[in-house]
Amino acid sequence: MPLYLVSSSPAAAKLAAGARASLHGRHLVRAPHGPVLSRLAALLRFSSQALFLGWLLGERSTFGFGFGFLQSRRVSLSSEAAAGRAAGPAMAAAQPGASTAPQANSSGVKQALISLSDKTDLAHLGNGLQSLGFSIISTGGTASSLEAAGVTVTKVEQITHFPEMLDGRVKTLHPSIHGGILARRDQEHHLKALNEHGIGTFDVVVVNLYPFYNKVTSGAISFEDGIENIDIGGPTLIRAAAKNHKDVLVVVDHNDYPALLEYLQGKQHDQQFRKMLAWKAFQHVASYDSAVSEWLWKQSNKGDIFPPSLTVPLSLNSTLRYGENPHQKAAFYVDKSLSVFNAGGIATAIQHHGKEMSYNNYLDADAAWNCVSEFENPTCVVVKHTNPCGVASRADVLEAYRLAVKADPVSAFGGIVAFNTTIDEDLAREIREFRSPTDGETRMFYEIVVAPGYTEKGLEVLKGKSKTLRILEAKRSGKGMLSLRQVGGGWLAQESDDLTPEDIAFTKVSERAPTDSELSDAKFAWLCVKHVKSNSIVIAKNNCMLGMGSGQPNRVDSLRIAFRKAGEEAKGAALASDAFFPFAWKDAVEEACEKGIGVIAEPGGSMRDKDAVDCCDKYGVALLFTGVRHFRH
């Protein structure tokens, strides 16, 4: 058609002028304008691959690429235009580069296209398909691996009659491939078009992608190397096959090879199976693209953690028995974002023993692990309903464990125990045999024990505590993570609260300065309080939580709960509040002073801060402002 020949490209101008042109060292002998254009028009009418690749390579007209297409086949343009027109479809088929693929509606030959980066179980797949009568079409290394496994393979370039080019960037991007995938078998005009162009259909497409995720998380990688590991042809094949899943089975996971072969052996026509494979294919590409998008955003927007749009790739880890309550269904997904790669946390913990994890188990274990990971010295944290009810740090971790349980033994029963040190045989035996401080008889029961590691004997002893005790091994949670939380119809995103006492200044605002031990206690209490649900108060002394009050609508009630748990030990101890005190006199501050507290650490920032200072000065209590709030909802 004349429309195909309209061009303003330099190549077209040269050809129209009858100039001698060159492409990859191949030359076209000067010829009269008319015969050249007529012959080219005839060929392009029946060579859709020229149209497609012309567009792909950036030529704005088919003429410019058609010129290169003819040269690549050493087609002589010295024949007259009439001969070219008379040849028609027969001439196109007879050309040295014309496709000889089976016609979609006549040969009956089944074709499978296989192109894989991950070649797991490839031999089994290839031999299985071949035994079912499939002709295998493949690319590069996949073809070589299949041939090594004794599978007869037709290489893609034998179908496209076009070599792999641009350092492998262009292999399967060709009408002879995509036409055979996308053609609907229930549309006569689709099949007619395939027959006219000598294109065969594909019944099975098996593709996985360049390991972009593994590449960019393997260590230092240049931007250019990252770009070269972005797969283009693979996602295109997968999306095409998934779109036409009614006629084409698409597989992206080697775990689905057995099901595919079984399906084909049974000559089944279950559309649900095809739909599931198509869903998996689109999900595979979506997850892949999300990794590319995340990586490119970080490369081009350093320091900005909130992109205009955000995709979080989640992979199903397990279905759970139920959610927070038995009537709620639930599942656990692992975040596959690049930002959380190798970041530790409960999601990647190894379970060595016990019942399967529940929805609430994950929440509680996460809270316990995040809290204990904050401490550098040997520490034990006991959590109940996501709140730390006992925290203690000691050089002797056995003592730390006993003190953490003692802080609130009633709440600790049935809770989660976390350590930031390896559990050896002695500690495991103490966990297994320890009796409740309330009566000295009842053996303590826990849902979960989590630690960074276990000795062989320690794990053996701990397993003997209970068949149901869940024993988790976790890596310390990373810093600088993006925290996401769902609300109705949307998500909240924020930086994680990673501040530690070393990151802030505890500023004296009272007349009396805290002693060194009081300051140490205040820092310990402050680190604990950031993990307690607001409104929260923590009372601590000698690196041990004595009592905490959590989740109350007003700060006074939280304070009273904390003092009730701490008892007489609260005298001379440190008190930390997650937020400022709005009132002081005849309120929380004065009440704390009257009960004998030694030092108070709070953010400050209230319009009545002076009242808090005056109150503490009256009772001789040291008051520290941190300038940092720790709300937790």
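The rules behind the values
- Residues numbered from 1 in each chain as written.
- Predicted model: local features only at pLDDT ≥ 70, side-chain atom pairs only at ≥ 80, totals over all residues.
- Heavy atoms only, no water.
- Helix = DSSP H or I, 4+ residues; strand = E, 2+ residues; numbered from the N terminus.
- Pairing = 2+ DSSP bridges.
- Axes fitted to C-alpha atoms, helices over the stretch in contact; angles between N-to-C directions.
- Contact = heavy atoms within 4.5 Å.
- Buried < 20%, exposed > 50% of the residue type's maximum accessible area, 1.4 Å probe, protein only.
- Polar contact = N/O pair within 3.5 Å; in protein donor to acceptor, adjacent residues only side chain to side chain.

K.L.:
Got a minute to help me understand unusual backbone geometry in this structure?
P.N.:
Among all residues save glycine, negative phi is the norm, and among peptide bonds the norm is trans. Cis geometry marks the peptide bond from Ser534 to Asn535; its omega dihedral reads -10°. If you trace the backbone, Asn535 turns up in the loop between helix H22 (516-529) and strand E19 (537-540). Even without being a glycine, Thr386 presents a positive backbone phi close to 70°. Among the structural elements, Thr386 can be located in the loop between strand E11 (379-384) and strand E12 (387-393). One non-glycine residue, Lys586, adopts positive backbone phi at about 50°. Within the fold, Lys586 resides in the loop between strand E21 (574-577) and helix H24 (588-594).

K.L.:
Just to check I follow, could you spell out the sheet that holds strand E4 (residues 134-138) for this structure?
P.N.:
The five strands lie next to each other as E5-E4-E3-E6-E7, forming an open sheet whose pairing is parallel. For this open sheet the edge positions go to strand E5 (153-155) and strand E7 (249-251), each flanked by a neighbour on one side alone. The average angle at which neighbouring strand axes cross in this sheet is 20°, direction not considered. Where E4 lies against E5, three bridges are found, and the strand directions are parallel. What sits directly across from Ser138, in E5, is Lys155. Running over the sheet, helix H7 (residues 122-131) touches strand E3 (110-115), E4 and strand E6 (204-207) and is turned about 140° from E4.

K.L.:
For this particular structure, what's the right way to read the side chain of Thr626?
P.N.:
You can see Thr626 is positioned in the segment after strand E23 (622-625). On the basis of relative accessible area, Thr626 is assigned to the buried category, the value being 7%. In terms of polar contacts, Thr626 uses its side chain to reach the backbone carbonyl oxygen of Val628, at 3.1 Å. Setting aside residues no more than four positions away along its own chain, Thr626 makes contact with Ile504, Ala505, Phe506, Trp526, Glu602 and Pro603.

K.L.:
Quick question: what am I supposed to make of the sheet that holds strand E18 (residues 507-508) here?
P.N.:
Working definition: the strands of a sheet are paired by backbone hydrogen bonds and lie parallel or antiparallel to each other. Pairing is mixed in the open sheet, where six strands are placed in the order E18-E23-E22-E21-E19-E20. Looking at which strands have only one partner, the edges of the open sheet turn out to be E18 and strand E20 (545-549). With respect to the sheet, H22 is in contact with E19, E20, E21, strand E22 (599-602) and E23, its orientation differing from that of E21 by roughly 35°. Where helix H23 (residues 555-566) meets the sheet, its contacts fall on E19, E20 and E21, and the angle it forms with E20 comes to roughly 150°.

None of this, on its own, says anything about what the molecule does.
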